[in-house]
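Residue-level structure breakdown
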Number of protein chains: 2
Amino acid sequence: MAIGRPRTFDRDTALDQAMEVFWRHGYEGATIAQLTDAMGINPPSLYAAFGSKEALLRAALDRYTARREAWMDEVLSAPTAREVTSRMLMGVAEKQTDPANPPGCLLVQGGLACGSGSANVPFELAARRAQTEEQLRHRFERAKDEGDLASGADPAALARYVSAVITGMSVMASSGADCEALAQVAAVAVKSVEDQSVRA
Amino acid sequence: MAIGRPRTFDRDTALDQAMEVFWRHGYEGATIAQLTDAMGINPPSLYAAFGSKEALLRAALDRYTARREAWMDEVLSAPTAREVTSRMLMGVAEKQTDPANPPGCLLVQGGLACGSGSANVPFELAARRAQTEEQLRHRFERAKDEGDLASGADPAALARYVSAVITGMSVMASSGADCEALAQVAAVAVKSVEDQSVRA
DNA sequence: CCACATTTGTAGCGAGCACTACAATATGGA
DNA sequence: TCCATATTGTAGTGCTCGCTACAAATGTGG
């Protein structure tokens, strides 16, 4: 049996380029021409490999979260809720202003509101953002069980709060805030969690 | 001198309808067809009255901020920095989940990232968001002068923080969070400002 | 070397986009 | 009444969008 002509591009490398385009221009703002140009391939290759623009976005999102997984694990492994929050928010301040990537977070920049033709994209992104909140919630629940968070603390509310701050920082980063400005925001936010921590 | 055929629609009413479309679908996601449909007019009337899609957005943004001006004044007139923050964030929680409007904030939903053709829209929105931050900063500076905020407090950082929380809440609202969930976030955030307040 | 399977580049599809030309219509002033 | 001015509705304009038909190219198995 014949195997066929081999692909001349690396799927993951192309996906990284596509991720950057979506990140910078949003889902709707990114055109197939920009994507194929950045990926170094032609439209038929894109569609053969990924299926559609929306499927390409999902593949890019998968890669995006996979790239951050190791970092997230490290953050969540911090000993206390306060330390988790601090690492998280300070790390976010750095990552969202890293010149190696477009500013902000792909899960926000991708698109909060879309035209009628791609109304499910915002849902997709929201669902992925919710995953981070849930990870934080689990971690804070554990912290409460361990007596690290005060008995009156609400892990779900705290996780939602930290998640909201992250999103706010992301938007600020996308509109030009530098790392220092974000770090100031993070510092204020960390204190909120500190307040609900059991002092040692 | 002749005056011409009178306009059959009310400019501000039409602007309100346009605002809602931009709010719900974002600048790029909103089509002229949707806008004219919602406004109850035809494209030539739209272009005669507003000039272009982007100019229509700016007019809608002007109206948006004008609508909130009275509320902002009331918020900023609160006696203390803590009270300002509380009124602000609790009010935001309500307003961003008010079923009379699309969820979230137009200044965020309008578009964080756009295609190359409308790259200045995100800047326009960011500039308008920055105005709120600046108003807060001025208010917090006054609070510091009045001895209401601790002498070590940084009004600019606090304003940036509150602004970030508002933006985060806005994104959460746009992805379905209800008023109660936002109020929980607001409550945690208010404490951060409380921490830097001089206890009475 | 041939047959097959798959990818590649070119070129272009129909649809929808922001925007407008144009003629009909409706007012106020001379 | 008739002109000047402005808005209205119809019907498009050229353009770009996401996506694809098709044939040439490039590999493997027999």
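Small disclaimer: the values here were computed from a predicted structure and weren't measured. (Residues numbered from 1 in each chain as written. Chains lettered and ligands numbered in written order. Predicted model: local features only at pLDDT ≥ 70, side-chain atom pairs only at ≥ 80, totals over all residues. Heavy atoms only, no water.)

Here's the deal with the interface of chain A and chain B
- If you look at the interface, chain A gives 37 residues, while chain B gives 37 residues.
- Contact between chain A and chain B buries roughly 2,900 Å² in total, counting both sides, with carbon and sulfur atoms accounting for 60%.
- Taken as a group, Leu-112, Arg-160 and Val-188 of chain A account for 18% of the area that chain A buries against chain B, more than any other trio of residues on that side.
- On inspection of chain A and its partner chain B, the count reaches zero salt bridges.
- Linking chain A with chain B are eight residue pairs in polar contact (both at pLDDT 80 or more).
- If you list the elements that add at least two residues to the side of chain A that touches chain B, you get α1 (11-29), α6 (106-109), α7 (120-145), α8 (155-174) and α9 (179-195) of chain A.
- At eleven residues, α8 of chain A tops the list of elements feeding residues into the side of chain A that touches chain B.
- Taken together, the residues of the side of chain A that touches chain B sort by class into 17 nonpolar, 13 polar and seven charged. (Contact = heavy atoms within 4.5 Å. Buried area = accessible area lost by both parts, 1.4 Å probe. Salt bridge = Lys/Arg side-chain N within 4 Å of Asp/Glu carboxyl O. Polar contact = N/O pair within 3.5 Å; in protein donor to acceptor, adjacent residues only side chain to side chain. Helix = DSSP H or I, 4+ residues; strand = E, 2+ residues; numbered from the N terminus. Nonpolar A, V, L, I, M, F, W, Y, C, P; charged D, E, K, R; others polar.)

With respect to the side chain of Gln-96 of chain A
Residue and element names in this part refer to chain A.
- With respect to the helices and strands, Gln-96 occurs in the loop between α5 (81-95) and α6.
- Judged by its relative accessible area of 4%, Gln-96 is buried.
- If near-sequence neighbours (up to four positions away) are discounted, Gln-96 is found in contact with Pro-103, Gly-104, Cys-105, Ile-166, Met-169, Ser-170, Ala-173 and Leu-182. (Buried < 20%, exposed > 50% of the residue type's maximum accessible area, 1.4 Å probe, protein only.)

A short note on the environment of Ser-52 of chain A
- Looking at where Ser-52 of chain A falls in the secondary structure, it is placed in the loop between α3 (43-50) and α4 (53-76).
- The sequence separation of Ser-52 of chain A and Ile-32 of chain A amounts to 20 residues, and the corresponding C-alpha distance is 9.7 Å.

A closer look at helix α1 (residues 11-29) of chain B
- With 19 residues, α1 of chain B extends only 22 Å from end C-alpha to end C-alpha; this falls clearly short of the ideal 27 Å at 1.5 Å per step.
- Most pronounced at Trp-23 of chain B, the bend in α1 of chain B amounts to some 80°.
- In this structure, the buried residues of α1 of chain B make contact with α1 of chain A together with α2 (32-39), α3 (43-50), α4 (53-76), α6 (106-109) and α7 (120-145) of chain B. (Expected span 1.5 Å × (residues − 1). Bend = angle between axes of the 7 residues up to and from the residue.)

Some remarks on empty space enclosed by the protein
- Under the definition given, this model contains one cavity of 30 Å³ or more.
- In this model, the largest cavity occupies a volume close to 160 Å³.
- Lining the largest cavity are 24 residues, with Gly-111, Leu-112 and Ala-113 of chain A together with Gly-111 and Ala-113 of chain B positioned closest to its centre.
- For the lining of the largest cavity, the elements supplying multiple residues, two or more each, are α1 and α6 of chain A together with α1 and α6 of chain B.
- A per-class count over the lining of the largest cavity returns ten nonpolar, twelve polar and two charged. (1 Å grid on protein atoms, 1.4 Å probe; cavity = no way out; pocket = protein on both sides within 12 Å on 5 of 7 lines; lining within 4 Å. Points joined across faces, edges and corners; volume = space filled by probe spheres on them.)

What to know about the packing of aromatic side chains
- If you walk through the whole model with that rule in mind, you get four aromatic pairs over all chains.
- Taking the centre distance of 5.9 Å and the plane angle of 25° together, the rings of Phe-22 of chain A and Tyr-27 of chain A count as stacked.
- Summarising the aromatic geometry, the rings of Trp-23 of chain B and Tyr-64 of chain B are spaced 5.2 Å apart at their centres and angled 90° between planes, so their arrangement reads as edge-to-face. Of the two residues, Trp-23 of chain B is situated in helix α1 and Tyr-64 of chain B in helix α4; the sequence distance between them amounts to 41 residues.
- Residue classification places Trp-23 of chain B among the buried residues on the basis of a relative accessible area of 4%.
- Given the relative accessible area of 4%, Tyr-64 of chain B is considered buried.
- Positioned above the aromatic ring of Tyr-27 of chain A is the side chain of Lys-53 of chain A, whose terminal nitrogen or guanidinium carbon lies 4.5 Å from the ring centre. (Phe/Tyr/Trp six-rings, centres within 6.5 Å; stacked < 30°, edge-to-face > 60°. Lys NZ or Arg CZ within 6 Å of the ring centre and 35° of its normal.)

With respect to the nonpolar core
- Leu-89, Tyr-161 and Met-169 of chain A together with Leu-89, Phe-140, Tyr-161 and Met-169 of chain B are the most contacted members of the largest nonpolar core, which has 68 residues in total.
- Among residues more than four places away in sequence, those in contact with Leu-89 of chain A are Val-162, Val-165, Ile-166, Met-169, Ala-186, Ala-189 and Val-190 of chain A.
- Counting 62 residues, the second-largest nonpolar core is a separate cluster that includes Leu-57 and Leu-107 of chain A together with Val-21 and Ala-30 of chain B. (Core = buried A, V, L, I, M, F, W, Y, C linked by side-chain atoms within 4.5 Å.)

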